Amino acid sequence: MNRSRKYLRPKGLRYVLYRLWRWIFPTRAPVRTWMFLTFALFVGLAVVGAGLYTGLVLHGQLRSAMEQTLRTQAERLLTQLEQAPTPEEAVALARSYSRVTEVHLTLARGETVLWDSEADRPLEGENLRARLGMDVDTERPVRFFERLHPDGQRWLYVVLYRPASAWVLRLGQPEPVLFKLAQQMELTLLVGMLAALLLALLGSWIATQKVTGPLHAIRSSARNIIEGHFDEKIQVHTRAAEFQDLAHHLNKMSDSFREKIAELQRLTRLQTEFIGNISHEVRNPIFSIGGYLEALASPTLEPEVRKRYAEKALQNLQRLNNLFNDLIEIARLEYRADLIHPAVFNLQELLDEVVEMLRPKAEEKGLIIHAENSPLYVRADRERIRQVLTNLIDNAIAYTDEGYVRCRLRRRRDKVQVEVVDTGRGIPEEHLDRIFERFYRVDPDRSRRSGGTGLGLSIVKQILQAHGEAIHVESTVGRGTRFWFELPYAETDQPVSA
Ligand code: ADP
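Predicted model only: the values in this text are computed from it and were never measured.

1. Points about the pairing of strand E1 (residues 104-109)
Most of E1 sits out of view: 5 of its 6 residues are buried. Across 6 bridges, E1 lies against strand E6 (residues 167-174) in antiparallel orientation. Looking across to E6, one finds that Leu105 is bridged to Leu171. Bridging between E1 and strand E2 (residues 112-116) involves 4 bridges; their strand directions are antiparallel. Its bridge partner lying in E2, Arg109 is registered against Thr112.

2. Some details on the nonpolar core
Nonpolar side chains tend to gather and get buried jointly when the protein is soluble and globular. Counting residues in each nonpolar core, the largest one holds 52 residues, and the members touching the most others are Leu347, Ile385, Leu389, Leu392, Ile393, Phe483 and Phe485. The residues touching Leu392, leaving out its near neighbours within four places in the chain, are Val420, Leu457, Val460, Ile471, Phe483 and Phe485. Core analysis: the next-biggest nonpolar cluster, separate from the first, contains 22 residues, Leu70, Leu77, Leu107 and Leu160 among them.

3. Describing the sheet that holds strand E11 (residues 415-422)
Read across the sheet, 5 strands follow the order E8-E10-E11-E13-E12 without closing on themselves; strand pairing throughout is mixed. Each edge of the open sheet is held by one strand with a lone partner, namely strand E8 (368-370) and strand E12 (471-476). When the angles between neighbouring strand axes are averaged without regard to direction, this sheet yields 15 degrees. Pairing of strand E10 (residues 404-412) with E11, which is carried by 8 bridges, proceeds in the antiparallel orientation. Across the sheet, residue Leu409 finds its bridge partner in E11, namely Val418. Against the sheet, helix H9 (residues 347-364) touches E8, E10, E11 and strand E13 (480-488), its axis set at about 175 degrees to E10.

4. Points about the packing of helix H3 (residues 31-83) against helix H6 (residues 177-226)
It is the contact of H3 with H6, at a shortest axis distance of 9 Å, that shows an interaxial angle of 170 degrees. One element, H3, and the other, H6, form an angle in the roughly antiparallel class. Residues that form the contact of H3 with H6 fall into these classes: 22 nonpolar, 10 polar and 3 charged.

5. Let's talk about empty space enclosed by the protein
Scanning the model with the defined rule gives 1 cavity of 30 Å³ or more in all. Estimated volume of the largest cavity: approximately 30 Å³. Contributing to the lining of the largest cavity are Glu281, Pro285, Arg319, Leu320, Leu323, Gly452 and Thr453. Residue assignment for the lining of the largest cavity shows that the elements contributing at least two residues are helix H7 (241-296) and helix H8 (303-335). Considering every element that reaches the lining of the largest cavity, the biggest residue donor is H8, with 3 residues. For the lining of the largest cavity, the class distribution of residues is 3 nonpolar, 2 polar and 2 charged.

6. As for the packing of aromatic side chains
Within the structure shown, the criterion is met by 5 aromatic pairs. Relative to Tyr157, the ring of Phe145 has its centre 5.0 Å away and its plane inclined at 10 degrees; by these criteria the two rings are stacked. Within this pair, whereas Phe145 is found in strand E4 (residues 142-148), its partner Tyr157 is found in strand E5 (residues 154-162), the two being separated by 12 residues in sequence. No difference in accessibility class separates Phe145 from Tyr157, as the two residues are buried. Centre to centre, the rings of Tyr292 and Tyr309 are 5.4 Å apart; their planes meet at 50 degrees, and the pair counts as tilted. You can see Tyr292 sitting in helix H7 and its partner Tyr309 sitting in helix H8, a full 17 residues away along the chain. Under the relative-accessibility criterion, Tyr292 is labelled partly exposed at 23%. Aromatic rings pair up to connect Phe145, Trp155 and Tyr157 into one cluster. Here Arg438 stacks its cationic end above the ring of Phe274, 4.9 Å away from the centre of that ring. Of note, Arg482 hangs over the ring of Trp484, and the distance from its end group to the ring centre comes to 4.0 Å.

7. Some remarks on the pattern of salt bridges
Here the structure, examined in full by the defined rule, presents 33 salt bridges. We note a salt bridge from Glu146 to Arg63, for which the minimum N-O separation is 2.1 Å. Note that Glu146 is positioned in strand E4 and Arg63 in helix H3, a separation of 83 residues in sequence. Across the pair Glu111 and Arg129 runs a salt bridge whose closest N-O atoms are separated by 3.6 Å. Of this pair, Glu111 sits in the loop between E1 and E2 while Arg129 sits in helix H5 (residues 128-131), and the two are 18 residues apart along the sequence. Owing to a relative accessible area of 9%, Arg129 belongs among the buried residues under this scheme. Linked through salt bridges whose partners overlap, the residues forming this network are Arg406, Arg408, Arg410, Glu419, Glu474 and Arg482.

8. With respect to the pairing of E12
Successive residues of a regular strand alternate their side chains across the two faces of the sheet. Burial along E12 is one-sided: the residues Ile471, Val473 and Ser475 are buried and none of His472, Glu474 and Thr476 is. Inspection of the sheet shows E12 paired to E13 by 6 bridges, in the antiparallel sense. Across the sheet, residue Glu474 finds its bridge partner in E13, namely Arg482. Here E12 folds back onto E13, and the loop between the two strands holds 3 residues, one of which, Gly478, carries a positive phi near 85 degrees.

9. With respect to the sheet that holds E2
With antiparallel pairing, 6 strands are arranged side by side in an open sheet as E3-E2-E1-E6-E5-E4. Two strands bound the open sheet, and with one partner strand each, they are strand E3 (121-123) and E4. Each strand of the sheet is rotated relative to its neighbour by a mean of 25 degrees, with strand direction disregarded. Those strands touched by H3 are E1, E4, E5 and E6, and its axis lies near 45 degrees from that of E5. The strands touched by helix H4 (residues 87-101) are E1, E2 and E6; relative to E1, the strand with the most contacts, the crossing angle is about 170 degrees.

Criteria and thresholds
- Residues numbered from 1 in each chain as written.
- Predicted model: local features only at pLDDT ≥ 70, side-chain atom pairs only at ≥ 80, totals over all residues.
- Heavy atoms only, no water.
- Buried < 20%, exposed > 50% of the residue type's maximum accessible area, 1.4 Å probe, protein only.
- Helix = DSSP H or I, 4+ residues; strand = E, 2+ residues; numbered from the N terminus.
- Pairing = 2+ DSSP bridges.
- Core = buried A, V, L, I, M, F, W, Y, C linked by side-chain atoms within 4.5 Å.
- Contact = heavy atoms within 4.5 Å.
- Axes fitted to C-alpha atoms, helices over the stretch in contact; angles between N-to-C directions.
- Parallel < 35°, antiparallel > 145°, perpendicular 65-115°, else oblique.
- Nonpolar A, V, L, I, M, F, W, Y, C, P; charged D, E, K, R; others polar.
- 1 Å grid on protein atoms, 1.4 Å probe; cavity = no way out; pocket = protein on both sides within 12 Å on 5 of 7 lines; lining within 4 Å.
- Points joined across faces, edges and corners; volume = space filled by probe spheres on them.
- Phe/Tyr/Trp six-rings, centres within 6.5 Å; stacked < 30°, edge-to-face > 60°.
- Lys NZ or Arg CZ within 6 Å of the ring centre and 35° of its normal.
- Salt bridge = Lys/Arg side-chain N within 4 Å of Asp/Glu carboxyl O.

Put into structure tokens, the structure is as follows:
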């Protein structure tokens, strides 16, 4: 027997109740429905509670207070009537009492109705006491009842029975104005409460609109953003601070995502360009090497030509070697931020080493290279800074045909400024921003001829960035170029290792 069937197909009253409950309180419904239901429930409960209180409790209290007053009045009168020496005198007393107070009096002794104030005489007839509502006895000596008079007024009657004297008194009085007023008030109160209920429902509907309006706007904007409309701004027309803040934060979040996506797209583009550039840079020297090797295989080649081809092949090999070294350097810097190991060292000494290494290249071109500086200590990664200096001075020599290359160190407060100046061809202004990009060259042919990979300055920039520093350049076409950067000055004049 499958026990779960009972739950899958509930039947009967329980099922109907369950469906009704689910219809009133669904598992998923708009905020507007929930807020409306909550308001309606609470206001409805308040109205029903107040209605029940006025209708049952207050009405009952008023009524019993009135009955009590009537009864006291009747008791007093009946006591006086009992004391009358004769029934005639009792009737006379009752008559004068009814005139003064304008009450409806009926007086009986035993089964005989002695006098009725409306008829102003004794009444006769079958079963008269019962008809007049005066059928009281020892068991039930007091009775109250209401009667609607032909003029539309409601009268309240009390009937009293004194077993000792067998007197029965019926005393009727129109409902007091106060009681009527109270009843009217009850009615007004009920109508007022119903109106309040309607107003509260209307108010709750307006309130829910106010709350859900901005939520709808936020939801539809969020949907648009999900669908790829990243420029969409969430706009809510509300004075509610929470919604204003929510929209503001969501907009900020979407802005930052947009920026990140743009950055990722830019990086992907750069990456694609980079890979394209690498394949181009690699293919060219390989083709050249292949061509020269093929030519070298020819047995009829003049020794002079053979030598030149071998040199060209080697030159291209060197270019490939340089390219791979630079690529490895870039990859290292890119993926290993911890590759920088700062230590205190004498920058002047390092600069001299680099200058001496490159001096032959400068002299080969007839260039003068100046690097006369006094010792200055900095805190940086010595080997990486060697690379920076090499790239900058090597470029200065490569792109200068005559004049000089000057390398200068200067202390500037807590920094040491390094400057490489040349009297070369200079860089046109429109290229200045781009020369630090990978593979960007002002004159690609000249760069390749001088063994350049187009990566030197981007490596310089990356190394200095890893040190928290920047590279600067200024240049005048035809007059020369000046590159400079700074490194943190180290107080000590003794080298200290990291
Ligand atoms: P390359 O390997 O081509 O030298 P770099 O990244 O070192 O690559 O430099 C990028 C480009 O900047 C060079 O191709 C060159 O056009 C220009 N450049 C760099 N240094 C100098 C300089 N001192 N004088 C003139 N142009 C320069």
